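Close look at the chain arrangement
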Amino acid sequence: MLKLPSVFAIILTQLLLLLAGCQANRALPPAPLAVTPSVALKNNTGAAGLGDPLYPTLGNGGYDVLHYTIDLAVDMQSHAVTGTTTIRAETTQALSSFNLDFQGLQIQKITVNAAPANFQRAASELTITPATPLRNGEQFTTTVAYHGIPRAIDDPGVPFEKIGWLVYQPGIFVISEPSGAMGWYPVNNHPLDKATYTFRITVAKPYIVAANGLLQATFDQGDTRTYLWEMRNPMASYLATIDIAEFKVVTAQGPHQLPLRNYFPPSASQKMLATFDTTGAMLQFYSDLIAPFPFEAYGAVVLDDNFSTALEAQTLSIFGPNTLFDAAVAHELSHQWFGDSVSVKTWRDIWLNEGFATYLENLWVEHTQGQAAFAATMHNLYKSMKDQKLGPPGSPDVQGLFAPATYVRGALTLHALRLRVGDANFFKILRAYYNRYQYGNAATADFIGVAEEVSGEQLDNFFNTWLYADAVPPEPRAP
Ligand SMILES: [Zn+2]
């Protein structure tokens, strides 16, 4: 675990590095760390951040990405990549230059609208200056050709693990939350700028490539094979994944003919395979509870590695060997609605992902094991919150992003809300909130707004007590 002062030191160093880069390359005034649009507009340079309170340099302003095409050959001996990422985007202001987030790897060439473009790099900011400035509202295409060995990212929000492009004995996997995407492709690296994706990934046989969405085709070239995957719904960059190993692939059909494809280690035991037997029933349960499943396919990648995390990559949740149990399977599946389809507006809103998934995994417990088991689980969650004096989940610092408060007190906030407004109103709130923000982004205030609108109650005090006050609230009970 990283201690608090060292986390601050890391953040400070990163910001200073970035600031130094800005000053050297673009002569921006040093005051605002996240370059404000008003400053940027004068020079028609896109902002180097999107104003996230926890990650001011993630994402970039001045344009909206529509589609990424990530075309990479991956050498499974050296783990080096060679390829091109093509980004189709639309400007939201006139731009003489714009930024992407991209860390490590060597850039060979960048084009904008097929003409060679100049570029500069400073830490994870890549500044591209097109030969011809871009007009406001213009659609443009930029290609970045690059090569090298992608390195995992140290993220201050995830002190317990490296993230991004990760190598393990059987192959490669990608778990990027929150900032890891920029370690393997140039990206507008914030959930606010979702886009659709094409992945064209070439590997030596007999390796298999799994990625988000639907596998459209494979192309054989003698010793190598190219996998073409399409993600046709908008996706936040941290949910993009490619996973390469000699998988055992198991396909099935979920409710409403939803394609299910699970990727297991070749040595997977019957017990490991059986972990996902309940996926179809869970899909039915959450679809009935919230809304139809948001995407075109679902499934899991199981890692045969000492990796203790799971991640709700869009349409393809990734599980370490220590997370192969029913509640974790339910947790990652429920994130497809809350986290993937409805994504956070800023990383400070993380309880909208983790509190929701933790509560929804327990709604599966209620559904399958009954009221008494559910009540006991909620009581135990409350007890652990009280024993650990878990603070409020509403505005975490970066090192508190994935702390127990986010999960446990976040879930209990929803439970307390349910007991306060009653079952009928509570599930109406969940559905209304989902329907309003699906395929987009929401902040905590948006959820509170829906809760007040649907219940007809003034809930400021309630949410302040649960989300923002230090004191642990009394155990929620039915009135
Ligand atoms: Zn989660």
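Residues numbered from 1 in each chain as written. Predicted model: local features only at pLDDT ≥ 70, side-chain atom pairs only at ≥ 80, totals over all residues.

1. Here's the deal with the overall build of the chain
- On a plain count of helices and strands, the chain comes out with 11 helices and 22 strands.
- Rg of the C-alpha trace for the chain: 22 Å, near the compact-globule value of 23 Å for 479 residues, within the 12% margin.
- Principal axes of the C-alpha set define a box for the chain whose edges measure 65 × 55 × 40 Å.
- Within the chain, contacts between residues at least 6 apart in sequence are counted, and of these 65% link residues at least 24 apart. (Helix = DSSP H or I, 4+ residues; strand = E, 2+ residues; numbered from the N terminus. Rg over C-alpha atoms; globule rule 2.2 N^0.38 Å. Contact = placed C-beta atoms within 7 Å.)

2. Notes on the pairing of strand S16 (residues 248-253)
- The element S16 is largely exposed, with a buried count of 0 among its 6 residues.
- Relative to strand S17 (residues 259-264), S16 runs antiparallel, the two being bridged by 6 bridges. The partner of Val-249 across the bridge, within S17, is Tyr-263.
- Hairpin remark: S16 followed by S17, antiparallel, with 5 residues in the connecting loop; positive phi at His-256, about 55°. (Buried ≥ 20, exposed ≤ 12 C-beta atoms within 10 Å, placed from the backbone. Pairing = 2+ DSSP bridges.)

3. Quick look at the environment of Asp-220
- With respect to the helices, strands and loops of the structure, Asp-220 is situated in strand S13 (residues 214-221).
- Residues Asp-220 and Thr-251 lie 31 residues apart in sequence; the distance between their C-alpha atoms is 21 Å.

4. Considering the confidence of the model for the chain
- Averaged over every residue, the pLDDT of the chain is 91; residues scoring 70 or more account for 91%.
- Low pLDDT, under 50, characterises residues 1-41; the predicted model gives this stretch 55 contacts beyond four residues in sequence or across chains. (pLDDT = per-residue confidence, 0-100.)

5. Focus: helix H4 (residues 279-289)
- Those residues of H4 lying buried are Thr-279, Met-282, Leu-283, Phe-285 and Tyr-286. Take H4 and look down its axis: the buried residues cluster within an arc of 165°, on one side only.
- On its buried side, H4 packs onto S17, helix H5 (326-335) and helix H6 (351-369). (Arc of directions from axis to C-beta.)

6. With respect to the sheet that holds strand S5 (residues 115-116)
- The mixed open sheet is built from 8 strands, whose spatial order is S5-S4-S8-S2-S1-S11-S14-S13. With one partner strand each, in any of the chains shown, S5 and S13 form the two edges of the open sheet.
- Of the pairings in the sheet, the one linking strand S4 (residues 106-112) to strand S8 (residues 139-148) comprises 6 bridges and is antiparallel in character. Bridged to Lys-109 within S8 is Ala-145.

7. Notes on the packing of helix H8 (residues 404-421) against helix H9 (residues 423-437)
- Between H8 and H9, the least distance of the axes is 6 Å, while the angle of their chain directions is 130°. With respect to each other, H8 and H9 are oriented oblique. In this structure, H8 crosses over H9, and the sense of that crossing is right-handed. The residues of H9 that touch H8, namely those facing Leu-417, Arg-418 and Val-421, are Asp-423, Asn-425 and Phe-426.
- For the contact of H8 with H9, the residue count by class is 3 nonpolar, 1 polar and 2 charged. (Axes fitted to C-alpha atoms, helices over the stretch in contact; angles between N-to-C directions. Parallel < 35°, antiparallel > 145°, perpendicular 65-115°, else oblique. Left-handed = near helix turned anticlockwise from the far one by under 90°. Nonpolar A, V, L, I, M, F, W, Y, C, P; charged D, E, K, R; others polar.)

8. Here we look at the domain arrangement of the chain
- When its domains are assigned, the chain resolves into domain 1 (4-150 + 184-236) and domain 2 (342-468).
- The interface is formed by 13 residues belonging to domain 1 together with 10 residues belonging to domain 2.
- Breaking the side of domain 1 that touches domain 2 down by element, the ones donating at least two residues are helix H1 (4-26) and strand S14 (224-235).
- Split by residue class, the side of domain 1 that touches domain 2 holds 10 nonpolar, 1 polar and 2 charged. (Domains from an automatic or database assignment.)

9. Regarding the environment of Leu-126
- By the secondary structure assignment, Leu-126 is in strand S7 (residues 125-129).
- For Leu-126, a count of 23 C-beta atoms within 10 Å corresponds to the buried category.
- Taking the C-alpha atoms as reference points, Leu-126 and Ala-48, separated by 78 residues in sequence, lie 9.0 Å from one another.
- If sequence neighbours within four positions are ignored, Leu-126 has contacts with Asn-99, Leu-100, Phe-102, Phe-119, Arg-121 and Pro-186.

10. Notes on the sheet that holds strand S3 (residues 98-101)
- Reading across the sheet, the 3 strands line up as S3-S7-S6 and stay open at both edges, with antiparallel pairing between neighbours. Every interior strand has two partners, whereas the edge strands, S3 and strand S6 (118-122), have only one. Each neighbouring strand pair of the sheet contributes to a mean axis angle of 25°, computed without reference to strand direction.
- Both S3 and S7 contribute to a ladder of 4 bridges, which runs antiparallel. Counterpart to Phe-98 in the pairing with S7 is Ile-128.

11. Here's the deal with the nonpolar core
- Residues Ile-201, Val-209, Val-301 and Ile-318 are the most contacted members of the largest nonpolar core, which totals 129 residues.
- Ranked by residue count, the leading element in this core is H8, at 9 residues.
- Split by domain, this core shows at least three residues from each of two domains, domain 1 (4-150 + 184-236) and domain 2 (342-468).
- Those residues within four positions of Val-301 in sequence are excluded, and the remaining contacts are Phe-173, Ala-210, Asp-243, Tyr-263, Leu-316 and Ile-318. (Core = buried A, V, L, I, M, F, W, Y, C linked by C-beta atoms within 7 Å.)

12. Observations concerning unusual backbone geometry
- With an omega of -5°, the peptide bond between Glu-177 and Pro-178 qualifies as cis.
- When you line up the elements, Pro-178 lands in the loop between strand S10 (171-175) and strand S11 (195-204).
- Of the consecutive residues Lys-205 and Pro-206, the connecting peptide bond is found in the cis state with omega at 5°.
- Along the chain, Pro-206 turns up in the loop between S11 and strand S12 (208-211).
- In this model, Gln-257 sits at a positive phi of 55°, which is unusual for a non-glycine residue.
- Checked against the element boundaries, Gln-257 lands in the loop between S16 and S17.

13. Side note on the pairing of S11
- Of all 10 residues that make up S11, 7 are buried, and the element is covered over most of its length.
- By the bridge criterion, 7 bridges tie strand S1 (residues 63-74) to S11 in an arrangement that is parallel. Bridging across to S11, Leu-72 finds its partner in Ile-201.
- Sheet topology places S11 next to S14; 9 bridges connect them, and they run antiparallel. When the bridges of S14 are listed, Phe-199 appears paired with Trp-229.

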